[in-house]
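Geometric and topological summary
One-letter residues, chain by chain:
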Amino acid sequence: MPTSRTENLSLLPLRLLLATIAWLFWPDMTHAVGNGNEVTVWIEPGRAIATSVVSGRREIPLDMQETVISSDASGINAVIVTSRRLLGFSSRTLGWSKMDRELHEKVLDRRVLPTFSVVRTEKHLYGFRGTNGIWLDETLGIQETIKTTRSTDYGVVFVTNERLVGFTALLGDFSSKALGIHEHITRLDIEQGLIIVTTNKRILVFGSRLSGWEEFE
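Below, the structure is looked at part by part. Since we're looking at a predicted model, the values are computed, not measured.

1. What to know about the pairing of strand β12 (residues 146-151)
Across five bridges, β12 lies against strand β13 (residues 155-160) in antiparallel orientation. Bridge pairing in β13 links Thr149 to Phe158. Taking the residues between adjacent antiparallel strands as the criterion, β12 and β13 are bridged by three residues.

2. Notes on the environment of Phe206
Relative to the elements of secondary structure, Phe206 occurs in strand β18 (residues 203-208). Residue Phe206 is classed as buried on the basis of its relative accessible area of 1%. In sequence terms Phe206 and Ser175 are 31 residues apart; their C-alpha atoms lie 9.2 Å from each other.

3. Some points on the environment of Thr131
If you trace the backbone, Thr131 turns up in the loop between β10 (124-129) and β11 (134-139). Of the residues examined, Thr131 reaches a relative accessible area of 16% and is grouped as buried. In the structure, Thr131 is positioned 39 residues away from Arg92 in sequence and 5.9 Å away in space, judged by C-alpha atoms.

4. Section: the nonpolar core
Phe116, Val118, Leu125, Val156, Phe158, Phe167 and Phe174 are the most contacted members of the largest nonpolar core, which totals 13 residues. For this core, the elements supplying multiple residues, two or more each, are β9 (116-121), β13 and β14 (163-168). Discounting residues that sit within four places of it in the chain, Leu125 has contacts with Val119, Arg120, Leu136, Asp137, Glu138, Leu140, Ile146, Phe158, Val165 and Phe174. In this structure, Val41, Ala48, Leu87 and Phe89 belong to the second largest nonpolar core, which totals eleven residues.

5. Digging into the packing of aromatic side chains
Per the stated rule, a full pass over the model turns up five aromatic pairs. Geometrically, the ring pair formed by Phe167 and Phe174 is tilted, given 4.7 Å between the ring centres and 35° between the ring planes. Assigned by exposure class, Phe167 and Phe174 land together as buried. For the pair Phe206 and Trp213, a centre-to-centre distance of 4.8 Å together with 50° between the ring planes defines the contact as tilted. Note on Trp213: relative accessible area 8%, which makes it buried. Linked through ring pairs, Phe116, Phe167 and Phe174 together constitute an aromatic cluster.

Here is what the cut-offs are and how they apply
- Residues numbered from 1 in each chain as written.
- Predicted model: local features only at pLDDT ≥ 70, side-chain atom pairs only at ≥ 80, totals over all residues.
- Heavy atoms only, no water.
- Pairing = 2+ DSSP bridges.
- Helix = DSSP H or I, 4+ residues; strand = E, 2+ residues; numbered from the N terminus.
- Buried < 20%, exposed > 50% of the residue type's maximum accessible area, 1.4 Å probe, protein only.
- Core = buried A, V, L, I, M, F, W, Y, C linked by side-chain atoms within 4.5 Å.
- Contact = heavy atoms within 4.5 Å.
- Phe/Tyr/Trp six-rings, centres within 6.5 Å; stacked < 30°, edge-to-face > 60°.

Next comes the structure, spelled out in structure tokens:
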């Protein structure tokens, strides 16, 4: 027998609690959030430098015509945005990784959080996972625009005019949920480190390391 909306809603607090417990007992996550920055980053002529207690000094060369737009560090990762690339450093892998951007692609927003980072442009969403030092890329549709963003220490959700796009430090890739033609968002909440999206048709919860999105009709 299908579970009713009322029954699903009554189970929501329990599922939130279980998901939160899963996060809290994931060692890399709790260590990164609870112990401040592990990484320091700065720029020298022709190179970017990162240091951590374990790695010592780690360099990555900058191209002759490459200029640095921003550099930030938080928790186990650091991100540098340049005129043509995204550079990420992880204190877990003790090294740099890079992601090329499209020519003339404009950076609109960036968030460097304790275990992961995201960079938003008009064409792409880029995610850097501090736990394994990997960059991931989600292409936005031609007519797709970001309406709002919500983030916690464990995950981020981008609300577009077409879908919900989530990213965390542990999931394999960006995770999307399409919005219906007549579906509109009525609330966005953050509870116990999880992001809850309420629409006129359902409730969607993002942040569980086990399944990404949980959906309640």
